[in-house]
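Fold and contact review
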Amino acid sequence: EAGVTQFPSHSVIEKGQTVTLRCDPISGHDNLYWYRRVMGKEIKFLLHFVKESKQDESGMPNNRFLAERTGGTYSTLKVQPAELEDSGVYFCASSQEDTGRVHNYGYTFGSGTRLTVV
Amino acid sequence: QKEVEQDPGPLSVPEGAIVSLNCTYSNSAFQYFMWYRQYSRKGPELLMYTYSSGNKEDGRFTAQVDKSSKYISLFIRDSQPSDSATYLCAMKAMSYGKLTFGQGTILTVHP
């Protein structure tokens with residue numbers, strides 16, 4: 001089973017530019033999550049998709065961040081325009097549907113995209 | 001105040017030592033408790049999970065949850081150099097909900 005795939009692995013952009021991060025979840029996983037770790041801080045939740053719908057986007061920092069999940073498969077996270085404080089590692093995670101009998105205690109994470117805004 | 005507090009360390013122990021990692025939390029709604037291990041330049045990898053209070057053992061790893069004290073622990077017995085990593089506690093209120101992480105503890109096990 002292929003894991004969660006994220007690309008690019010690294011991205012260096014200038015302030016004001018646009019960057020798009022992509023996440024391919026494990027096939028069949030309806031739940032897809034985005035998290036971010038800023039240097040020196042804990043990993044923080046950004047948003048949660050169930051299939052193509054946004055279930056919870058309470059962690060999105062501001063309207064410069066736009067997440068989409070086309071057809072309930074892969075997801076993209078666009079930052080436009082990027083600011084210096086957006087630098088960090090962006091993680092994607094996925095899990096299968098919680099049926100009530102199969103509990104999604106833990107999620108499978110990708111290796112992350114390291115974003116540096118200069 | 002952070003919802004989850006975890007001492008970032010770093011923690012350095014000799015091979016074979018027993019390691020104790022801990023987190024405290026403030027949100028009484030948390031019911032699902034996890035420990036993740038993260039190697040450098042990799043994503044977090046689920047190590048242990050526990051629902052509500054109690055103990056869980058898996059090989060050299062034991063996870064404990066004390067909801068009355070809002071305190072969770074991870075014990076690693078007979079630690080190995082390959083255990084050197086960052087250990088993250090994480091918790092959530094619902095089975096499908098967002099995870100709230102601690103800052104992570106950097107562990108080094110030296111031969």
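The structure contained in this document is the topic of the report that follows.

Parameters at a glance
- Residues numbered from 1 in each chain as written.
- Chains lettered and ligands numbered in written order.
- Predicted model: local features only at pLDDT ≥ 70, side-chain atom pairs only at ≥ 80, totals over all residues.
- Heavy atoms only, no water.
- Buried < 20%, exposed > 50% of the residue type's maximum accessible area, 1.4 Å probe, protein only.
- Helix = DSSP H or I, 4+ residues; strand = E, 2+ residues; numbered from the N terminus.
- Pairing = 2+ DSSP bridges.
- Disulfide = S-S within 2.5 Å.
- Contact = heavy atoms within 4.5 Å.
- Buried area = accessible area lost by both parts, 1.4 Å probe.
- Salt bridge = Lys/Arg side-chain N within 4 Å of Asp/Glu carboxyl O.
- Polar contact = N/O pair within 3.5 Å; in protein donor to acceptor, adjacent residues only side chain to side chain.
- Nonpolar A, V, L, I, M, F, W, Y, C, P; charged D, E, K, R; others polar.

Another aspect to go through is the pairing of strand β9 (residues 85–92) of chain B. Residues and elements named next belong to chain B. Counting buried residues in β9 gives eight out of eight residues, a clear majority hidden from the surface. Strand direction decides the pairing type here: strand β4 (residues 32–38) and β9, joined by seven bridges, are antiparallel. Bridge pairing in β9 places Y36 opposite L88. Both β9 and strand β11 (residues 105–110) contribute to a ladder of three bridges, which runs antiparallel. The residue bridging T86 from the neighbouring strand is I106, located in β11. Sheet analysis places β9 next to strand β10 (residues 100–101), joined by two bridges and oriented antiparallel. Paired with M91 across the strands is T100, a residue of β10.

Following the criterion strictly, the structure yields two disulfides over all chains and no others. The partner cysteine of C23 of chain A in its disulfide is C92 of chain A, sulfur to sulfur 1.8 Å. Linking C23 of chain A and C92 of chain A, the disulfide has an S-S dihedral of approximately -65° and is accordingly described as left-handed. Of this pair, C23 of chain A sits in strand β3 (residues 19–24) while C92 of chain A sits in strand β9 (residues 88–95), and the two are 69 residues apart along the sequence. One exposure class covers both C23 of chain A and C92 of chain A, and it is buried. A disulfide bridge connects C23 of chain B with C89 of chain B, and the sulfur atoms are separated by 2.0 Å.

So, on to unusual backbone geometry. Backbone torsion omega between F7 of chain A and P8 of chain A reads 0°, so that peptide bond is classified as cis. Checked against the element boundaries, P8 of chain A lands in the loop between β1 (5–7) and β2 (10–13). In the segment running from G9 of chain B into P10 of chain B, the intervening peptide bond is cis, with an omega of 5°. Structurally, P10 of chain B is set in the loop between β1 (4–6) and β2 (11–14). Although it is not a glycine, K70 of chain B sits at a positive phi angle of roughly 55°. Assignment of secondary structure puts K70 of chain B in the loop between β7 (61–66) and β8 (71–76). Classification of K70 of chain B by relative accessible area gives partly exposed; the value is 25%.

Next up on the list: the interface of chain B and chain A. Where interface size is quoted, it is often the accessible area lost as the parts come together. Each partner contributes to the interface: chain B provides 22 residues, whereas chain A provides 24 residues. Surface buried jointly by chain B and chain A totals about 1,900 Å² across both partners, of which 55% is contributed by carbon and sulfur atoms. Put simply, chain B and chain A have one salt bridge between them. A salt bridge links K2 of chain B to E42 of chain A; the nearest nitrogen and oxygen atoms lie 3.7 Å apart. For the interface between chain B and chain A, the tally reads seven residue pairs in polar contact (both at pLDDT 80 or more). For the side of chain B that touches chain A, the elements supplying multiple residues, two or more each, are β4, β5 (45–51) and β9 of chain B. No other element matches β4 of chain B, which puts four residues into the side of chain B that touches chain A. Class assignment for the residues of the side of chain B that touches chain A results in eleven nonpolar, six polar and five charged.

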